[in-house]
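Listed below, chain by chain, are the residues.
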Amino acid sequence: MVASGTFGWGKEYSEYMDLNKLGAIVTKSITLKPREGNPPPRIVETPSGMLNSIGLQNEGLEHFLKEDLPFLAKFDTPTIVNIAGETVEEYAELAKRLSKETMVKAIEVNISCPNVKQGGMAFGVDPGLTKQVISAVRNATKQPIIAKLTPNVTDITVIGRAAVEAGADALSAINTIVGMALDLETGKSRLGRETGGLSGPAIRPIAVRMVYELARAVKVPVIGIGGIMTGNDAVEFLLAGARAVQVGTANFVDTAAPLRILAELHDYVHRHPRTLNLS
Ligand code: DHB
């Protein structure tokens, strides 16, 4: 799958690849109302990684339903819609509206955005609030729910278990790690907002460790995310216990990355038919 926030709403990448070849498209987070996002600069390159501070910029639910979903409906690839809210009620309302759209195959609940004052990660660092959000979404839709977890916690299994108890059908991990980079001339942040979310190969060992922990703590599938640049990186997550993977930051480096990684994964499976237990 392509990871939320790194692939727009599909259209942006459609001229570079055949979207039908992807396992699923996870859209950038949508909110009930349009959001302008954070002040620029919003992206900074760091060693083996990237800091972002987008601030959930998007055109809002109505625009998504009118413009983006009909475009995605032209493809066979399942659409997974990522949702974000400032309150529990906003998450529930988004889920309720999306539950009427049969082409939405799953809802990924973003309780892990580090770049907004309200909502986002504030829910995902607290097991009680995680339960409240996921329960509200569970009551609003029959579609499969994926809870996207933040790594900015002491024990990710506590949050993962809370999400599953509240009705999550799967977990995706990890979202970005809160980071900071300073400009040596001004002494200020290189981002428009002080901190940002770190992604890319720099965070992969942390992500693999957290997926490993989650896969042993819950019975639902775990989707591995975190700096996957090659097929071998994807294999590492599958060996750690992930049942699927998402490719994120690689999309910013190479528009062909997801299909290349898929081909490399196929090669690995042919070379090691028994290493991954894919039955
Ligand atoms: C944003 C950044 C993230 O790392 C994330 O997980 C969700 C949203 C953002 O700033 O829009």
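Our subject is the structure that appears above.
Source: prediction; values computed, not measured. (Residues numbered from 1 in each chain as written. Predicted model: local features only at pLDDT ≥ 70, side-chain atom pairs only at ≥ 80, totals over all residues. Heavy atoms only, no water.)

**Q** Residue-level account of the overall build of the chain, with values.
**A** Scanning the chain for helices and strands turns up nine helices and 11 strands. Its C-alpha atoms give the chain principal-axis dimensions of about 50 × 45 × 40 Å. When burial is assessed residue by residue, the chain has 54% of its 279 residues classed as buried. In the form shown here, the chain has an accessible surface area of approximately 12800 Å², with 53% of it arising from carbon and sulfur atoms. Within the chain, one finds 29 positive and 29 negative side-chain charges whose respective centroids are separated by 5 Å. (Helix = DSSP H or I, 4+ residues; strand = E, 2+ residues; numbered from the N terminus. Buried < 20%, exposed > 50% of the residue type's maximum accessible area, 1.4 Å probe, protein only. Areas by Shrake-Rupley, 256 points an atom, 1.4 Å probe, with all protein chains shown as cover. Lys, Arg positive; Asp, Glu negative; His and termini not counted. Charge placed at Lys NZ, Arg CZ, Asp CG, Glu CD.)

**Q** Got a sec to walk through the nonpolar core? Specific residues and values, please.
**A** Counting residues in hydrophobic clusters, the biggest one holds 72 residues, and the most contacted among them are Ile30, Ile83, Leu98, Val109, Leu149 and Leu171. Non-local contacts of Ile83, meaning those with residues more than four positions away in its chain, are made with Ile30, Tyr91, Leu94, Ala95, Leu98, Ile107, Glu108, Val109, Asn110 and Val137. Counting residues in each nonpolar core, the second largest holds seven residues, with Ala24, Val26, Ile80 and Ala106 among its members. (Core = buried A, V, L, I, M, F, W, Y, C linked by side-chain atoms within 4.5 Å. Contact = heavy atoms within 4.5 Å.)

**Q** An account of helix H7 (residues 231–240) is needed here, citing residue identities and associated values.
**A** Because an α-helix packs 3.6 residues into every turn, residues spaced three or four apart end up facing the same way. With seven of 10 residues buried, H7 lies mostly within the body of the structure. What H7 keeps buried is the set Gly231, Asp233, Ala234, Val235, Phe237, Leu238 and Ala240. Taken together, the buried residues of H7 touch helix H6 (204–217), strand S10 (222–225), strand S11 (244–246) and helix H9 (257–271). Trailing H7 by a residue or two, Gly241 shows a phi angle of about 120°, which is positive.

**Q** Can you explain the site of the ligand? Please cite residues and give values.
**A** All residues adjacent to the ligand are Lys28, Asn52, Ile54, Gly55, Leu56, Asn110, Cys113, Pro114, Asn115, Asn175 and Thr176. For the ligand, an oxygen atom lies 2.4 Å from a polar atom in the side chain of Asn175. Thr176 is positioned with one of its side-chain polar atoms (N or O) 2.9 Å from an oxygen atom of the ligand. Notes on the ligand: free accessible area 290 Å², of which the protein chains cover 91%. Looking at the shell around the ligand residue by residue, the classes come out as four nonpolar, six polar and one charged. (Near = heavy atom within 4 Å. Polar contact = N/O pair within 3.5 Å; in protein donor to acceptor, adjacent residues only side chain to side chain. Nonpolar A, V, L, I, M, F, W, Y, C, P; charged D, E, K, R; others polar.)

**Q** A description of H6 should follow, citing residues and the corresponding values.
**A** Taking 1.5 Å as the rise per residue, H6 with 14 residues should run 20 Å; its terminal C-alpha atoms sit 20 Å apart, in good agreement. Taken together, the buried positions of H6 are Arg204, Ala207, Val208, Met210, Val211 and Leu214. Seen end-on, H6 carries its buried residues on one side only, within an arc spanning 165°. Exposed residues pointing more than 90 degrees away from the buried face of H6 are listed as Pro205 and Arg216. Those residues of H6 that are buried are in contact with helix H5 (156–165), strand S7 (170–173), S10 and H7. (Expected span 1.5 Å × (residues − 1). Arc of directions from axis to C-beta.)

**Q** So what's going on with the sheet that holds S11? Residues and values would help.
**A** Ordered by their spatial adjacency, seven strands build an open sheet running S1-S4-S5-S6-S7-S10-S11, and the pairing between neighbours is parallel. In this open sheet, the two edge strands, each paired with only one partner strand, are strand S1 (25–26) and S11. Two elements, S1 and strand S4 (residues 79–83), share two bridges in a ladder whose sense is parallel. Each residue of the ladder has a partner; that of Ile25, found in S4, is Thr79. (Pairing = 2+ DSSP bridges.)

**Q** Residues and numbers for unusual backbone geometry, please.
**A** Omega for the peptide link from Pro40 to Pro41 comes to -10°, which places this bond in the cis form. In this structure, Ile174 follows Ala173 across a cis peptide bond, with omega equal to 10°. With a phi angle near 55°, Ser48 is a residue other than glycine that sits in the positive phi range. Checked against the element boundaries, Ser48 lands in the loop between strand S2 (43–46) and strand S3 (49–52). On the accessibility criterion, Ser48 (52% relative accessible area) is exposed.

**Q** Let's hear about the pairing of S10: which residues, and what values?
**A** Residues in a regular strand point their side chains to alternate faces of the sheet. In S10, alternate side chains face the same way, and those of Val222 and Gly224 on one face and Ile223 and Ile225 on the other are all buried. Bridge count for S7 against S10 is three bridges, and the pairing is parallel. Within S10, the residue paired with Ala173 across the bridge is Gly224. As defined by bridge partners, S10 adjoins S11 across three bridges and the pair is classed as parallel. Looking across to S11, one finds that Ile225 is bridged to Gln246. Tracing the backbone out of S10, into H7 and back to the parallel element S11 gives a crossover that is right-handed. (Right-handed = clockwise from strand over helix to strand, strands pointing away.)

**Q** Explain the packing of H5 against H6 to me, using residue names and the numbers behind them.
**A** Where H5 meets H6, the axes come as close as 9 Å, and the angle between the chain directions of the two elements is 45°. In terms of orientation, H5 lies oblique with respect to H6. Along this stretch, H5 crosses H6, giving a crossing that reads as right-handed. Counted together, Ile156, Thr157, Gly160 and Arg161 of H5 and Met210, Glu213, Leu214 and Ala217 of H6 form the full contact between these two elements. (Axes fitted to C-alpha atoms, helices over the stretch in contact; angles between N-to-C directions. Parallel < 35°, antiparallel > 145°, perpendicular 65-115°, else oblique. Left-handed = near helix turned anticlockwise from the far one by under 90°.)

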